[in-house]
Every structure is written in C-alpha cells, then in structure tokens.
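Now for the letters of each chain:
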Amino acid sequence: MNPTTIKTGILGGGQLGKMLALAAHNWDLDTWVLDQDKSFPAGPVCSHFVTGNFKDFEDVYAFGKQVDVLTIEIEHVNTDALHKLAAEGVKIHPAPEKLNIIKDKGLQKQFYADQGLPTSSFRLYSDEKEVRKALQDGSLTFPFVQKSRTAGYDGRGVAVIKNPEHLESRLLSGPCVIEELVDIDKELAVIVARNERGEVKSFPAVEMIFNPVANLVEFLSCPANVSREVEEAAEQLAVRTIEAYGLCGLLAVELFLTKSGELLINEVAPRPHNSGHHTIDSCYTSQFEQHLRAILNLPLGSTEMKTASVMVNLLGEEGHSGPVAYEGMEQCLSMKGVNVHLYGKKETRPFRKMGHVTVVADSVAAAFDIARRVKETLKVISRGVEFKV
Ligand SMILES: Nc1ncnc2c1ncn2[C@@H]1O[C@H](COP(=O)(O)OP(=O)(O)O)[C@@H](O)[C@H]1O
Ligand SMILES: [Mg+2]
C-alpha cells in the first residue's frame with residue numbers, strides 16, 4: 001500500500017470531515033473535500049479543498065471522478081451522482097442505494113420492520129393534512145412523535161406531540177413518519193465498522209445525555225451506565241444492523257433502552273458520529289481512523305477503551321451570534337484529563353456545535369466531575385455583534 005497515492009474524497013467539510021482528514025493525515029493519505037467554502041472546518045487540514053455543493057449533481061459527479069474512494073460526512077448529498085459514479089467504477093462507501101434508505105427516515109423505519117430488527121411502531125404520512133385526518137378518524141391518537149422524512153437533523157425535524165395544543169404549535173409539514181412515543185430509560189449509541197472482507201467490530205456502547213431545551217447531546221459517557229447484558233445486547237444489535245445493511249465504513253446506531261428493558265433502534269448514520277468523538281482520546285483506534293480502515297478495506301483496529309471518558313459538546317451560547325470567541329480555555333486546560341477540540345467555525349450561533357471536550361479519567365464518575373466544571377467554565381461566545389435572540 002502506498003497511502004500517498006490513494007485519493008480519498010469526502011463529501012462535506014464540517015467538523016466530521018475535518019477530523020476524518022486529520023486521521024487521514026496520519027497516514028499521509030491524499031484527502032479531497034467538497035464543500036461550499038474553504039473557510040469551513042476541513043478546509044485548512046485536507047490536501048485539496050474543492051469548492052462546490054454536495055447536493056448538486058454536477059458538483060458531486062465532477063468531484064467523484066477525481067478520487068479513488070469516495071465517502072461522506074453528511075447523509076444529505078446528491079445520491080443520483082453517486083449512483084452514476086458507482087456505475088462508472090468509483091468505490092463509494094456507504095453504497096448509494098443504502099444511503100438512499102438511511103437519508104429517508106420513513107424508508108429507514110421500513111427497512112428495520114422488513115429485516116425484523118427492533119424499532120418502535122410507526123406509520124408513514126404524506127403530509128400534515130393526512131395526519132390531522134388520522135387523528136379525526138381515530139387511527140392515530142396522542143401522544144406521538146412526528147419526524148420529517150428527509151428534512152431533519154440535530155432534533156430540528158422531530159416534534160413530540162402530546163395534545164391538541166402541541167398539534168397547533170409543533171406539527172411539521174411535508175412527508176413524515178409518525179412513531180409511538182417511547183418510554184425511554186436511556187439513549188445509547190453503538191458505533192460499528194465493517195470492511196469489504198466482512199470483518200465487523202463494534203466500539204463500546206455510549207450513553208447520550210440530552211440538553212432538554214436544545215434536544216442536543218450534552219454529555220456522552222463511555223462506558224454507559226448499564227448492565228453488562230444490556231451493553232452486550234446493544235453491541236450485538238449494532239452488528240446485526242450493519243450486517244443487514246451490508247455497509248462498509250462506520251455505522252452509528254442510536255438506540256433507546258426502554259423502561260421495560262427493551263432495546264430499540266432509533267436511527268442510524270453511515271459515517272463518523274458525534275457519539276464517537278471520545279474515541280480519539282480514549283480508545284485504541286479512533287472512529288475516524290476506523291472509518292478509513294473500513295472504506296480502504298484495511299484490517300479494522302482494536303475498539304477497546306484505554307480509559308473511561310465523558311464528552312461535552314461545546315455549543316454556541318444563547319444570545320450570542322457572530323464572530324466566535326472562547327472564554328475559559330485556560331482554566332480548562334489546567335484540569336487533568338481535559339482534551340479540547342475546536343472545530344474552527346468562524347461564526348457562532350445559539351446551540352451551534354462549535355467543538356467538543358473529552359475528559360478522560362479512571363472512572364466515568366471522576367470524568368463527570370471534571371466535565372461538569374468544563375461545561376460551566378468553557379463558553380462559546382461572540383465579542384463582535386451580540387444580540388439577544
Ligand atoms: N419515538 C420516540 N419516542 C420518544 N422520543 C423520541 C422518539 N424518537 C426520537 N425521540 C427523541 O428525539 C431525539 C431526536 O430524534 P432523532 O430521530 O434521533 O432525530 P435527529 O436526526 O434530529 O437526531 C431522540 O434522540 C430522542 O430523544
Ligand atoms: Mg438522532
């Protein structure tokens with residue numbers, strides 16, 4: 001293998017593209033990134049930045065023609081171009097037909113039902129009128145969770161609707177999937193990888209703890225605070241899921257552990273994922289390196305933990321929009337086990353993901369103590385244009 005000659009293309013130049021390019025840099029791979037502006041996070045760290053739109057057929061097609069292996073950091077790319085590129089012999093992971101299933105939450109749920117994989121019960125609706133009609137004729141009852149089939153990310157395309165008032169204020173328009181409201185005990189995520197030889201390895205399960213206002217992951221702990229049986233069952237379910245899809249690369253499997261002890265698949269992402277950032281600092285192999293190993297058909301790395309960890313997402317402070325500044329860095333850097341990762345986004349906005357911190361320690365409890373202090377200390381603000389929103 002001569003890594004410098006392998007052109008690895010990444011659709012998307014956000015933080016996931018950046019961390020993928022950083023991992024690729026360790027092996028001197030030739031990384032190509034397609035996104036709209038070189039000032040995006042991956043811009044300064046990839047070998048070649050190509051300006052274009054990953055949703056545009058021509059841009060994706062022209063970009064794909066230049067590389068040997070093509071991958072993604074975001075699902076919402078132009079899959080028509082990927083189909084054409086695959087037909088013309090470009091190696092693409094995840095495969096475009098699987099990506100088409102995953103980027104549509106309706107098709108994704110249908111896939112689990114067809115494959116006999118556990119997921120909450122659901123129905124598909126073509127628009128909000130059909131949802132209202134179902135409520136009138138009694139085929140749908142409160143409470144329920146409505147998800148836009150294709151328009152959502154970071155909780156933005158999800159509405160929890162418990163009563164008629166919520167219906168008026170929260171109902172989303174367009175094609176949607178409606179799921180039963182699951183009685184969630186914990187939200188877990190398992191990242192699993194598969195290469196072309198069919199080798200499969202899963203990272204240890206992690207527990208996601210959400211900010212109730214923003215509906216974004218606030219802390220993430222590894223190991224998860226669950227029994228060994230639940231942990232093993234979660235990892236096995238993730239392995240079954242990637243094998244059912246037959247994907248190469250990473251698959252991040254978001255799971256619900258219900259109050260009755262059942263594990264349900266919520267959704268998946270066929271790429272590096274927010275719930276795997278701790279692996280950079282706390283596992284033998286990072287999720288980013290594992291993705292590269294998997295898409296290049298190299299042996300998968302050990303997924304074992306070196307240490308317990310708690311990860312904190314650094315979100316833009318409420319009331320701050322504009323050129324970014326970081327407050328409290330010095331205090332954080334004086335705390336033991338603190339690993340700061342800033343994504344390099346030039347502008348902050350309330351709840352925008354601007355970076356993350358992984359705290360490593362002997363135990364999750366010890367890591368949590370420091371992670372809470374980090375969260376209180378390190379603030380993403382703007383000293384430029386400030387206004388209340
Ligand atoms: N069926 C459900 N029952 C209860 N809560 C849900 C359900 N589906 C989603 N949620 C909550 O909403 C969050 C976001 O939903 P998800 O489908 O993961 O969307 P996103 O793509 O924005 O991550 C989940 O992490 C969970 O907290
Ligand atoms: Mg999710």
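Sequence order as written defines residue numbering, which begins from 1 separately in each chain. As a convention, the first chain written is A and the first ligand written is 1, with the rest following in written order. Per-residue local features of the predicted model are confined to residues with pLDDT of at least 70, and side-chain atom pairs are confined, for both listing and counting, to 80 or more; whole-chain, interface and lining totals are unaffected and use all residues.

**Observations concerning the sheet that holds strand β4 (residues 69–72)**
Stage number 1. If you walk across this open sheet you meet the five strands as β3-β2-β1-β4-β5, and the pairing is parallel. The sheet is open, and its two edges are formed by β3 (48–51) and β5 (91–92), each paired on a single side.
Stage number 2. Summarising the sheet, strand β1 (residues 7–11) and β4 pair through four bridges and their orientation is parallel. Among the inter-strand pairings, T8 is bridged to a residue of β4, identified as V69. For two strands to be treated as a pair, DSSP must find no fewer than two bridges joining them. Secondary structure is summarised from DSSP: a helix means a run of H or I of at least four residues, a strand means a run of E of at least two, and numbering begins at the N terminus for each.

**So, the packing of helix α2 (residues 57–65) against helix α3 (residues 79–87)**
Stage number 1. Lines fitted to C-alpha atoms define the axes here, with helix axes fitted over just the stretch in contact, and angles between the N-to-C directions of these axes take values from 0 to 180 degrees. Viewed as axis vectors pointing N to C, α2 and α3 meet at an angle of 30°, and their least axial separation amounts to 8 Å. Classified by the interaxial angle, the pair formed by α2 and α3 is roughly parallel. Considering the relative orientation of α2 and α3, their crossing is right-handed. In this structure, α2 uses F57, V60, Y61 and G64 to contact α3, whose residues at the interface are D80, A81, L82, K84 and L85.
Stage number 2. Throughout this entry, Asp, Glu, Lys and Arg are counted as charged residues, while Ala, Val, Leu, Ile, Met, Phe, Trp, Tyr, Cys and Pro are counted as nonpolar. The remaining residues, Gly among them, count as polar. Here the residues of the contact of α2 with α3 are counted per class, giving six nonpolar, one polar and two charged. Should an angle fall under 35 degrees it is taken as roughly parallel, and over 145 as roughly antiparallel, whereas 65 to 115 is taken as roughly perpendicular and any remaining angle as oblique. Note: crossing handedness is left-handed where the near helix turns anticlockwise from the far helix by less than a right angle, and right-handed where it turns clockwise. Throughout, a residue-residue contact means that the two C-beta atoms, derived from backbone geometry, are no farther apart than 7 Å.

**Some thoughts on the pairing of β1**
Stage number 1. Exposed residues have 12 or fewer other C-beta atoms within 10 Å of their own C-beta, buried residues have 20 or more, and residues in between are partly exposed; the C-beta atoms are placed from the backbone. With respect to burial, β1 is a largely interior element, four of its five residues being buried.
Stage number 2. Here a crossover is taken to be right-handed if, once the strands point away from the viewer, the path from the first strand over the helix to the second is traced clockwise. You can see the chain leave β1, run along helix α1 (residues 15–26) and come back into strand β2 (residues 30–35), and the turn it takes is right-handed.

**Some thoughts on the domain arrangement of the chain**
Stage number 1. Along its sequence, the chain is carved into domain 1 (3–92), domain 2 (121–180) and domain 3 (184–382).
Stage number 2. Residue ranges for the domains originate in an automatic or database domain assignment. Measuring from the centre of the C-alpha atoms in domain 2 to the corresponding centre in domain 3 gives 28 Å.

**Notes on unusual backbone geometry**
Stage number 1. The amide bond that connects F142 to the next residue, P143, takes the cis arrangement and shows omega of -10°.
Stage number 2. Relative to the helices and strands, P143 resides in the loop between α6 (128–136) and β7 (144–148).
Stage number 3. C222 connects to P223 through a cis peptide bond whose omega is 5°.
Stage number 4. Position of P223 among the secondary structure elements: in the loop between β13 (216–222) and α8 (228–245).

**So, the sheet that holds strand β6 (residues 122–125)**
Stage number 1. Taken in spatial order, the four strands of this open sheet run β6-β9-β7-β8, and their pairing is antiparallel. Either end of the sheet is taken by a strand with one partner, and the two such strands are β6 and β8 (158–161). Between one strand axis and the next, the sheet turns through 20° on average, direction left out of account.
Stage number 2. Where β6 lies against strand β9 (residues 176–180), four bridges are found, and the strand directions are antiparallel. Within β9, the residue paired with F122 across the bridge is E179.
Stage number 3. Where helix α5 (residues 105–115) meets the sheet, its contacts fall on β6, β7 and β9, and the angle it forms with β9 comes to roughly 45°.

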